[in-house]
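# Observations on the model geometry
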Amino acid sequence: MSPRRSIQVPASTTNLGAGFDVLGLALQLYLRVDLQETSSSRPEFQLLGEGAHDLPASEDNLLWKVTQRVFEGEKQPVPGVRLKIENQIPLARGLGSSAAAIVAGVSCYEALTGLELSADKFFRYAFEFENHPDNITAARFGGFTVSAVAENGKVSFFRAPIAPKLKILLTVPEFHLETQKARAVIPRTLDLRDAVFNLQRSSLTVAALLRDEFHFLRESLRDKLHQPFRAPLIPGFEEILCLNQEEISGLMGICLSGAGPSVLAFAEGNLDQIYSRIAAIFERQGLRSRRFELEVDNQGRTIQ
């Protein structure tokens, strides 16, 4: 019997207000894959958790498509594999579920062969399936990440661990928003004043998170590039953003998680009241929501 390997990939939240396609945080919510080689010529799948009844338990599964592509690219035969895939990450909610699947797919190749790909190769394969780095970098390397893509496609990134004193509250509405639709509403040109506005605040977010100066987040999470244009797609989100202007005890700042519709709140306490205020706004729009209290995952992808 071949040894069993286990892969764990964290969820991720990105943009963090003004840091569109640049800033990311890995979160302690996971996609886990147990895999074992078999004598079969075809993969066997067991899906559990979020999306288990919606995702294909077949070779059409995104995770397996990525795995096959890496084996093909590295000119190695694909072995027969039994996969148990357990997912905690809500789908199409701005929490990096696709990025986690892509990272897990590349990781299946590494786990089965015992060969770790270089960062350049890792990103090259990942970008064939998702061509922006923020979720991918956070899911793979963990912590707080800043990513940039050069004209030749090479990714430069920075990562840093985040202290556990930062509390993260996610409010996840029972409402799907496809990333492609959320991207389509963003204008292709930007007024210089709005560009400067975002540059100032994204830089301030980096400083705030690296120096534990979390009191800056209320201002630094403001944005004029994507949130105002995505807000009409998410019932109640404009009203939720207005909570940033109120003096709610413990609240440090609110923004959209990734492309949405999940709402990310940074807090130093009083999570019950903060969640109640956000959930009540969604409820008035006819949307139920779920609550996740999380910390930053500082490990990123792991293989055992």
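Residues numbered from 1 in each chain as written. Predicted model: local features only at pLDDT ≥ 70, side-chain atom pairs only at ≥ 80, totals over all residues. Heavy atoms only, no water.

## Regarding the packing of aromatic side chains
To keep it simple, the criterion reads: By convention, a stacked pair of Phe, Tyr or Trp rings (six-membered ring in the case of Trp) has centres within 6.5 Å and planes under 30 degrees apart, an edge-to-face pair has planes over 60 apart, and any other such pair is tilted. Working definition: helices are DSSP H or I runs of at least four residues, strands are E runs of at least two. Numbering for both runs from the N terminus. Type-normalised accessible area, obtained with a 1.4 Å probe on protein chains alone, sets the label of each residue: buried when under 20%, exposed when over 50%, and partly exposed for intermediate values. Geometrically, a charge over a ring is one whose NZ (Lys) or CZ (Arg) sits within 6 Å of the ring centre while staying within 35 degrees of the ring normal.
Overall, the coordinates contain eight aromatic pairs when judged by the stated rule. Arranged with centres 6.2 Å apart and planes meeting at 35°, the rings of F123 and F141 form a pair that is tilted. Residue F123 is located in helix α3 (residues 119-127), and its partner F141 is located in helix α4 (residues 133-141); the two are separated by 18 residues in the primary sequence. In this structure, F123 and F141 share a single accessibility class: buried. An aromatic cluster of at least three residues, connected via ring pairs, comprises F122, F123, F127, F141 and F157. Its end group placed over the ring of Y125, R124 keeps NZ or CZ at 4.8 Å from the ring centre. Residue placement shows R140 over the ring face of F122; its charged tip is 5.6 Å from the ring centre.

## As for unusual backbone geometry
Geometrically, the link from G260 to P261 is a cis peptide bond, its omega value of 5° lying close to zero. Mapped onto the elements, P261 comes out in the loop between β8 (251-256) and β9 (263-267). The backbone phi angle of N15 is positive, close to 75°, even though this residue is not glycine. Judged by relative accessible area, N15 falls into the buried class, the value being 2%. Despite not being glycine, K75 has its phi angle at roughly 55°, a positive value. In this fold, K75 is placed in the loop between α1 (62-73) and β4 (80-87).

## As for the sheet that holds β9
Hydrogen bonds between backbone atoms are what pair the strands of a sheet, whose relative direction is either parallel or antiparallel. How we decide: The criterion for strand pairing is that DSSP finds at least two bridges linking the strands in question. Orientation is described by lines fitted to C-alpha atoms, with helices fitted over the stretch in contact, and by angles between N-to-C directions that extend from 0 to 180 degrees.
With antiparallel pairing, four strands are arranged side by side in an open sheet as β8-β9-β7-β10. A strand with exactly one partner marks an edge of an open sheet, and here the two such strands are β8 and β10 (289-294). Averaged over all pairs of adjacent strands, the angle between strand axes in this sheet comes to 20°, irrespective of strand direction. Relative to β9, strand β7 (residues 167-173) runs antiparallel, the two being bridged by five bridges. Along β9, the bridge assignment pairs L170 with L264.

## Some points on the nonpolar core
Defined as follows: Within this scheme, the nonpolar core is defined by two criteria: the residues are buried Ala, Val, Leu, Ile, Met, Phe, Trp, Tyr or Cys, and they are joined through side-chain atoms within 4.5 Å. Contact definition: two residues touch when any of their heavy atoms are within 4.5 Å.
Of all hydrophobic cores here, the largest spans 63 residues; its most connected members are L16, L31, V33, L63, L83 and F266. A total of eleven residues in this core trace back to one element, the largest contributor, which is helix α2 (residues 97-113). What V33 contacts, discounting residues up to four positions off in sequence, is R5, S6, I7, L63, L83, K84, I85, A104 and C108.

## Topic: the pattern of salt bridges
Cut-off, in case you're wondering: Within this document, salt bridges are pairs made up of a side-chain nitrogen of Lys or Arg and a carboxyl oxygen of Asp or Glu, the two lying within 4 Å of each other.
For the structure shown, the criterion picks out 22 salt bridges. One salt bridge connects R290 with E50, and the closest N-O pair in it is separated by 2.6 Å. Pair noted here: R290 is in strand β10 and E50 is in the loop between β3 (44-49) and α1, with a separation of 240 residues, a long-range link. Using a relative accessible area of 29% as the deciding quantity, one classes R290 as partly exposed. Here the salt bridges share partners, and the residues they tie into one network are E50, R93, E174 and R290.

## Description of the packing of α3 against α4
This is how the line gets drawn: Geometric relationships in this document are graded by angle, where less than 35 degrees denotes roughly parallel, more than 145 denotes roughly antiparallel, 65 to 115 denotes roughly perpendicular, and other angles denote oblique. Helix crossings are classified by the rotation of the near helix relative to the far one: an anticlockwise turn of less than a right angle makes the crossing left-handed, while a clockwise turn makes it right-handed.
At a minimum axis separation of 11 Å, α3 and α4 run at an interaxial angle of 130°. Classified by the angle their axes make, α3 and α4 are oblique. In terms of crossing hand, the pair formed by α3 and α4 is right-handed. Contacts from F122, F123, A126 and F127 in α3 reach P133, I136, T137, R140 and F141 in α4.

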